[in-house]
Amino acid sequence: MLEGDIGFQRSTRTMGRLVLLGTWLKFRKAFFTHQFAIDRIEGGVVYVIQAQTKGVTNSMTLDELKTRGPVTIISPPPEVDIEKFLTFCRAQIGDKYGFLTDFGMAIDILTWQWFPSVRGSRTDSWQCSALINEGLRFGGWLHDWQDIYAILPDEGYDALTGGSNVKLATKHD
């Protein structure tokens, strides 16, 4: 495990259940409910950077995160400049979590495709998968996202693994 590695988690806590419900309502199956990155390793302790309900933070350890559900760690694509990726993610620390964006996405999920899209404010707010995948884009990895701010952790995983749809979070890495 290295700084800049990408993590995925399946959680059955409140936010995780809401992610699973939202994807089910869109007739899709979801496995992962959270996406994060390895920020740093200090004295053998691994810290993650993530967008969580407290906002964007890098103070939680991987061990603490694992108490919330199984975790899978993968390496970023080779073209990613890890320093740029982490610089971008670290620059977002302190930004709020995108509750209004989540609310807007929920409305989008519950309405017909032709209904105008409703999105909350994206200014100074992030969702977990948007934070990490925008950071990867800043680091040099380009993927043809329909809307990078509305992707789910499963979509991030599939894009990074070539669409393998293989979910590895049965072991705690």
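Before reading on, note that the structure itself is shown above.
Since we're looking at a predicted model, the values are computed, not measured. (Residues numbered from 1 in each chain as written. Predicted model: local features only at pLDDT ≥ 70, side-chain atom pairs only at ≥ 80, totals over all residues. Heavy atoms only, no water.)

### Quick notes on the nonpolar core
Our working rule: Nonpolar cores are built from buried Ala, Val, Leu, Ile, Met, Phe, Trp, Tyr and Cys residues. Side-chain atoms within 4.5 Å join them into one set. Note on classification: 1.4 Å probe, protein chains only; a residue is buried when its accessible area is under 20% of the maximum for its type, exposed when over 50%, partly exposed between these limits. Helix and strand definitions follow DSSP, with helices as H or I runs of at least four residues and strands as E runs of at least two, each counted in order from the N terminus. Contact criterion: two residues are considered in contact whenever any of their non-hydrogen atoms come within 4.5 Å of each other.
Counting 26 residues, the largest nonpolar core has Ile6, Phe85, Ile132 and Leu136 as its most contacted members. Those elements that place two or more of their residues in this core are β1 (6-9), β3 (45-52), α3 (82-91), α5 (128-138) and α6 (153-160). Looking at which element gives the most residues to this core, the answer is α5, with five residues. Not counting residues within four places of it along the chain, the set of residues in contact with phenylalanine 85 comprises Gly4, Ile6, Ala37, Val80, Ile132, Gly135, Leu136 and Gly139. Core analysis: the second largest hydrophobic core is formed by nine residues, Val48, Met60, Leu62 and Leu65 among them.

### Brief notes about the side chain of aspartate 39
This is how the line gets drawn: Counting of polar contacts relies on pairs of N or O atoms within 3.5 Å, with two restrictions inside protein: one atom must be capable of donating a hydrogen and the other of accepting it, and residues adjacent in sequence are counted only when both atoms are side-chain atoms.
The topology assignment puts aspartate 39 in strand β2 (residues 34-42). Take aspartate 39: its relative accessible area is 1%, and that puts it in the buried class. Of the polar contacts made by the side chain of aspartate 39, one reaches the side chain of asparagine 58; its length is 2.9 Å. Among all residues touching aspartate 39, those that are not within four sequence positions of it are Glu3, Tyr47, Val48, Ile49, Asn58, Leu86 and Arg90.

### Remarks on the packing of aromatic side chains
Using the following cut-off: Two aromatic rings from Phe, Tyr or Trp, using only the six-membered ring of Trp, form a pair when their centres are within 6.5 Å; if the ring planes differ by under 30 degrees the pair is stacked, by over 60 it is edge-to-face, and anything between is tilted. Only lysine NZ and arginine CZ atoms are considered, and such an atom sits over a ring when it is within 6 Å of the ring centre and within 35 degrees of the ring normal.
Under the counting rule described, the total for this entry stands at six aromatic pairs. Their ring planes at 35° and their centres at 5.4 Å tell us that phenylalanine 88 and phenylalanine 138 sit as a pair that is tilted. Remark: phenylalanine 138 occurs in helix α5 and phenylalanine 88 occurs in helix α3; sequence separation between them is 50 residues. Taking the relative accessible area as the measure of exposure, phenylalanine 88 reaches 13% and is therefore buried. Relative accessible area serves as the criterion here: at 47%, phenylalanine 138 is assigned to the partly exposed category. Taken together, the ring pairs in this structure connect Phe8, Phe32 and Tyr157 into an aromatic cluster. The ring of tyrosine 47 carries arginine 40 above its face, with NZ or CZ at 4.1 Å from the centroid.

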